[in-house]
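# Breakdown of the fold
Listed below, chain by chain, are the residues.
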Amino acid sequence: MLFNRVKPNVLATSEPELYENLCAAYGQVKVEETEKYVLLIQMDACWSDFLDYASYIKEGIHLESLSNKNPLDQYNRLLIEAYGRMDKEIETRTLNVFLKTEFKEEMTVPLDMSELRIPSATWTYVINDSFFQNRVQLF
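Below is a short write-up of the structure. These numbers were taken from a predicted model, which means no experiment stands behind them.

## A word on the layout of surface pockets
In this structure, the second largest pocket spans a volume of roughly 240 Å³. Lining the second largest pocket we find Val10, Leu39, Leu40, Met43, Asp44, Trp47, Tyr83, Met86, Asp87, Ile90 and Glu91. Every element with two or more residues in the lining of the second largest pocket is listed here: α3 (28-60) and α4 (71-100). Partitioned by chemical class, the residues of the lining of the second largest pocket number 8 nonpolar, no polar and 3 charged.

Quick look at the structure:
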């Protein structure tokens with residue numbers, strides 16, 4: 001999608017009447033560009049939410065051992081379920097933007113909408129599976 005190899009089709013498949021009306025009013029190219037932009041913002045937001053959820057789960061997953069469950073298995077199960085729901089969430093958020101937006105003369109999406117705020121910073125995680133080995137090498 002980033003390199004225009006795949007065209008977004010969330011709007012066309014979920015709301016075909018709205019898609020046709022927007023294409024008639026603004027042109028298919030402009031509608032697809034706008035949909036791509038909104039979709040990328042929603043993907044970024046959902047990925048950020050997923051990372052936040054992973055951090056939240058990580059903080060309390062050790063309590064699973066009290067119920068004789070393997071914390072690593074529970075952590076993986078919860079994250080796999082959350083990741084599986086992400087596609088539907090991205091689709092829903094993208095559609096909500098188009099359903100809430102009142103397009104005027106030009107097809108421009110107001111960037112001050114709460115659904116389209118671009119974060120000022122992103123998180124970066126560095127994961128290392130061999131913490132103790134590297135810790136010994138630091139001394």
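## A word on the packing of helix α2 (residues 16-26) against α3
Remark: α2 packs on α3, axes separated minimally by 7 Å, with the N-to-C direction vectors making an angle of 120 degrees. As far as their axial angle goes, α3 and α2 are oblique. Contacts between α2 and α3 pair Tyr19, Leu22, Cys23 and Tyr26 from the former with Gln28, Lys30, Val31 and Glu32 from the latter. For the contact of α2 with α3, the class distribution of residues is 5 nonpolar, 1 polar and 2 charged.

## Looking at the pattern of salt bridges
Overall, the coordinates contain 3 salt bridges when judged by the stated rule. Note that glutamate 81 is salt-bridged to arginine 77, the shortest N-O span being 3.1 Å. On the criterion of helical spacing, the pair formed by glutamate 81 and arginine 77 is a turn pair, its members being 4 residues apart in helix α4. Of the residues examined, glutamate 81 reaches a relative accessible area of 36% and is grouped as partly exposed.

About the cut-offs
Residues numbered from 1 in each chain as written. Predicted model: local features only at pLDDT ≥ 70, side-chain atom pairs only at ≥ 80, totals over all residues. Heavy atoms only, no water. 1 Å grid on protein atoms, 1.4 Å probe; cavity = no way out; pocket = protein on both sides within 12 Å on 5 of 7 lines; lining within 4 Å. Points joined across faces, edges and corners; volume = space filled by probe spheres on them. Helix = DSSP H or I, 4+ residues; strand = E, 2+ residues; numbered from the N terminus. Nonpolar A, V, L, I, M, F, W, Y, C, P; charged D, E, K, R; others polar. Axes fitted to C-alpha atoms, helices over the stretch in contact; angles between N-to-C directions. Parallel < 35°, antiparallel > 145°, perpendicular 65-115°, else oblique. Contact = heavy atoms within 4.5 Å. Salt bridge = Lys/Arg side-chain N within 4 Å of Asp/Glu carboxyl O. Buried < 20%, exposed > 50% of the residue type's maximum accessible area, 1.4 Å probe, protein only.

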